[in-house]
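Structural overview for review
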Amino acid sequence: MTGAIHIPAGERGVIRLFALDMRPEQAAFLKEPGALAQVLGIEALDMEQVEIFPVSNLEDIGLTGYLTDGCGVPRAQVEEDRGMLETLEGHVLLIRSRAFSDAETRLTPADQITLAGTYGERQTDWSAPPATAESAKPYSAPKLPPRAARSQARRIGAVLFAVVMLLFLLLIWVLVA
């Protein structure tokens, strides 16, 4: 066993890559409900946030390209591990932090599962300069004078009344005919 891996509560944007030292049929079995959670020593896992695949499926893009282009990991993080990532073969397991449902988790993987790397996804920059336009200020829209507002309300009411009466007359005409 490689030791326990602690996942803090509320963790977001982290991808853990594991090398699987097992036969292809064993790796395929990990996709069955509950199997992966059992070999990781936990109760449950969101399998929508888990990928198990042979590295050979990545062909020309390779594992480094998949992490950067497919998973949104910054290239600088992957470059540090490029040599190790290029030597990985067989099946790998990729788990996003969302798989643990924001709960604090302690992984105790089986002997055939080895943590190869932990990577952070690109974070969205939500900062923006403050809006300075006059129209962005609250209550900056021109207010209608009371007479104009009443007139507009009367027009809307008249149109709605006319539509309802037409539908009513149409219904009577259909029932009579």
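Let us look at the structure shown here. Model, not experiment: these values are computed from the prediction.

**Comments concerning the overall build of the chain**
Helix and strand content of the chain: six helices and six strands. When the elements of the chain are put in sequence order from the N terminus, they spell out β-β-α-α-β-α-α-α-β-β-β-α. A globule of 177 residues ought to have a C-alpha radius of gyration of about 16 Å, yet the chain, at 30 Å, is considerably larger. Over its C-alpha atoms, taken along the principal directions, the chain stretches across nearly 80 × 55 × 35 Å. Residues classed as buried in the chain amount to 32% of the 177 residues present. Looking at the chain as shown, the accessible area adds up to about 12100 Å², and 58% of this sits on carbon and sulfur atoms.

**A short note on the packing of aromatic side chains**
The final tally for this structure, using the stated rule, is one aromatic pair. For the ring pair Phe53 and Tyr66, a centre distance of 5.4 Å and an interplane angle of 70° mean the geometry is edge-to-face. Note that Phe53 is positioned in strand S3 (residues 50-54) and Tyr66 in helix H3 (residues 62-70), a separation of 13 residues in sequence. Residue classification places Phe53 among the buried residues on the basis of a relative accessible area of 10%.

**Remarks on the pattern of salt bridges**
Scanning all chains against the criterion turns up eight salt bridges. A salt bridge links Asp102 to Arg12; the shortest N-O distance between them is 3.0 Å. In this pair, Asp102 sits in the loop between strand S4 (91-96) and strand S5 (105-107) while Arg12 sits in the loop between strand S1 (5-7) and strand S2 (14-20), placing the two residues 90 residues apart along the sequence. Look at Asp102 and you get partly exposed, because its relative accessible area is 35%.

**Some points on the nonpolar core**
In terms of nonpolar packing, the biggest core is built from 20 residues, with Leu45 and Leu93 touching the most fellow members. Elements with a minimum of two residues in this core: S1, S2, helix H2 (35-40), S3 and S4. Among the elements that line this core, the one with the most residues is H2, at three residues. Excluding residues within four positions of it along the chain, Leu45 makes contact with Leu36, Ala37, Leu40, Val50, Ala99 and Phe100.

**Overview of the side chain of His91**
Tracing the sequence through the fold places His91 in strand S4. Those residues in contact with His91 that lie beyond four places of it in its chain are Ala19, Leu20, Pro24, Ala27, Ile52, Phe53 and Pro54.

**Quick word on the environment of Ala131**
Among the structural elements, Ala131 can be located in the loop between strand S6 (113-120) and helix H6 (146-176). Judged by its relative accessible area of 65%, Ala131 is exposed. Separated by 27 residues in the primary sequence, Ala131 and Ala158 place their C-alpha atoms 40 Å from one another.

**Some details on the sheet that holds S3**
On the basis of which strands lie adjacent, the open sheet formed by four strands has the order S3-S4-S2-S6 and antiparallel pairing. The outermost strands of the open sheet, each flanked by one partner alone, are S3 and S6. Strand after strand, the sheet turns through a mean of 20° between neighbouring axes, direction not considered. Two strands pair when backbone bridges link them, and S2 and S4 are joined in this way by six bridges, in the antiparallel orientation. Its bridge partner lying in S4, Ala19 is registered against Val92.

What counts, and where the lines are drawn
Residues numbered from 1 in each chain as written. Predicted model: local features only at pLDDT ≥ 70, side-chain atom pairs only at ≥ 80, totals over all residues. Heavy atoms only, no water. Helix = DSSP H or I, 4+ residues; strand = E, 2+ residues; numbered from the N terminus. Rg over C-alpha atoms; globule rule 2.2 N^0.38 Å. Buried < 20%, exposed > 50% of the residue type's maximum accessible area, 1.4 Å probe, protein only. Areas by Shrake-Rupley, 256 points an atom, 1.4 Å probe, with all protein chains shown as cover. Phe/Tyr/Trp six-rings, centres within 6.5 Å; stacked < 30°, edge-to-face > 60°. Salt bridge = Lys/Arg side-chain N within 4 Å of Asp/Glu carboxyl O. Core = buried A, V, L, I, M, F, W, Y, C linked by side-chain atoms within 4.5 Å. Contact = heavy atoms within 4.5 Å. Pairing = 2+ DSSP bridges. Axes fitted to C-alpha atoms, helices over the stretch in contact; angles between N-to-C directions.

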